[in-house]
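Take a look at the letters that make up each chain.
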Amino acid sequence: MFKFHYRLERSALGLVGFIILVASIGGFIEIAPLFTIDETVEEAQDMRVYTPLEVAGRNIFIREGCYACHSQMIRTLRDEVDRYGPYSLAVESQYDHPQLWGSKRTGPDLARLGNKYSDAWHTTHLNNPRDLVPQSKMPAYRWLLRDQLRTDDLGQHLATLRTVGVPYTDDQIANATQDAYGQANPDSPEAGGVAERYGDATNIRPFDGQTDKLTDMDALVAYLQVLGNLTNAAHETQTAEVE
Ligand code: HEC
């Protein structure tokens, strides 16, 4: 073996050829699974898109670096499924650009967070985690309740997401700003259009408890409450497996 290498190193062309051969084996092993991607990624007929308010919340999640402490991907391992719920499916991140699977869990995984707590719990917790979890190491995000949410550019955000494959309609893009307002103000005239454009299952309520203004908190809580609820595919396929 060492002799072979010794001889190989003395022939420049032979060495280059051998490196290319070995590297292409590695490359092939990485690329091969992609050939079956159509069969691997499951389809979910009920998959819905994020509303403009949820998109804004997702952008805040990225801006504040929440992904540095929270993953959004439940592995297929038994202890993960027992703790967090059905393991994550590829289709659940279909409209996530960029995906926020994360690689570190200083705090718990958030992939199935939606509906686990009330809006008021999230608002209090984000404002100061230690009000609810005395030993928490999570930073306080006090400005979220104070800062007015920027909504005038949400149509452009949806249009950009459409260029990478998220099926937003012209109607959804044109009404993004008013839909963001309507989703957090159920009694406003704008609220009706939200359910019409995004489905009856959409959460329409004053997420941060203040109806007089639309804040970053409204958007972030709207996003957190929809995590794991864009499709029911994971629950359906995995209950079927258990039975
Ligand atoms: C420095 C690391 C860190 C950062 C950054 C961080 N968190 Fe946390 N988070 C934690 C820890 C630790 C816990 C567990 C203790 C607790 O509940 O406060 C937690 C808990 C949570 C929970 C409760 C999860 C559950 O299932 O009980 C939510 C929701 C949450 N964080 C959301 C966020 C959001 C949104 C952001 C960004 C605005 C964020 N976190 C940023 C560390 C962090």
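Here the residue numbers are simple positions, counted from 1 along each chain's written sequence. Confidence filtering applies because this is a predicted model: local features only for residues at pLDDT of at least 70, side-chain atom pairs given and counted only at 80 or more, and all residues used for totals across whole chains, interfaces and linings.

The name an unreviewed UniProt entry gives the protein is Cytochrome-c oxidase, cbb3-type subunit II, with Devosia ureilytica as the organism.

A. The arrangement of the site of the ligand in detail. Any residue whose backbone-placed C-beta atom lies within 6 Å of a molecule or strand is treated as near that molecule or strand. Near the ligand you find 21 residues, and of these Cys66, Cys69, Gly107, Ser136 and Met138 are the closest. In this classification, Asp, Glu, Lys and Arg are treated as charged, Ala, Val, Leu, Ile, Met, Phe, Trp, Tyr, Cys and Pro as nonpolar, and every other residue, Gly included, as polar. Its residues assigned to classes, the shell around the ligand comprises 13 nonpolar, 5 polar and 3 charged.

B. View of unusual backbone geometry. With an omega dihedral of -5°, the bond running from His97 to Pro98 counts as a cis peptide bond. Following the sequence through the fold, Pro98 ends up in the loop between α5 (78–84) and α6 (119–127). Despite not being glycine, Asn115 has its phi angle at roughly 70°, a positive value. With respect to the helices and strands, Asn115 occurs in the loop between α5 and α6. The helix count covers DSSP runs of H or I at least four residues long, the strand count covers runs of E at least two residues long, and both are numbered beginning at the N terminus.

C. Helix α7 (residues 154–163), seen in detail. To sort residues by exposure, count the other C-beta atoms lying within 10 Å of each residue's C-beta; 20 or more gives buried, 12 or fewer gives exposed, and values between give partly exposed, all with C-beta atoms placed from the backbone. Leu154, Gly155 and Leu158 are the residues of α7 that are buried. Taken down its axis, α7 places every buried residue within 105° of arc, on the same side. With respect to the buried face of α7, the exposed residues turned more than 90 degrees away are Gln156 and Thr163. Once C-beta atoms have been placed from the backbone, residue pairs whose C-beta atoms lie within 7 Å are recorded as contacts. Along its buried surface, α7 packs onto α4 (52–63), α8 (170–174) and α9 (176–184). Just past α7, the residue Gly165 takes up positive phi, approximately 110°. This arc is built from the directions going out from the helix axis to the C-beta atoms.

D. Spotlight on the UniProt feature "transmembrane region" (unreviewed entry) in the protein. UniProt records the feature "transmembrane region" (unreviewed entry) for residues 12–35 in the present numbering. Across residues 12–35, helical content stands at 83% and strand content at 0%; the span's end C-alpha atoms are separated by 34 Å. UniProt positions are given in the numbering used here, feature names are shortened, and annotations may be inferred rather than shown by experiment.

E. Structural context of α6. Turning to α6, its buried residues are His122, Thr123, His125 and Leu126. Buried residues along α6 sit in contact with α11 (216–224).

F. Inspection of the packing of α9 against helix α10 (residues 191–198) at higher detail. With axes taken as lines fitted to C-alpha atoms, and helix axes fitted only over the stretch in contact, angles between N-to-C directions fall between 0 and 180 degrees. The N-to-C vectors of α9 and α10 enclose an angle of 105°; their axes lie 7 Å apart at closest approach. The angle between α9 and α10 falls in the class roughly perpendicular. Along the contact surface, α9 presents Gln178, Asp179, Gly182 and Gln183, while α10 presents Ala191, Gly193, Val194 and Arg197. Geometric relationships in this document are graded by angle, where less than 35 degrees denotes roughly parallel, more than 145 denotes roughly antiparallel, 65 to 115 denotes roughly perpendicular, and other angles denote oblique.

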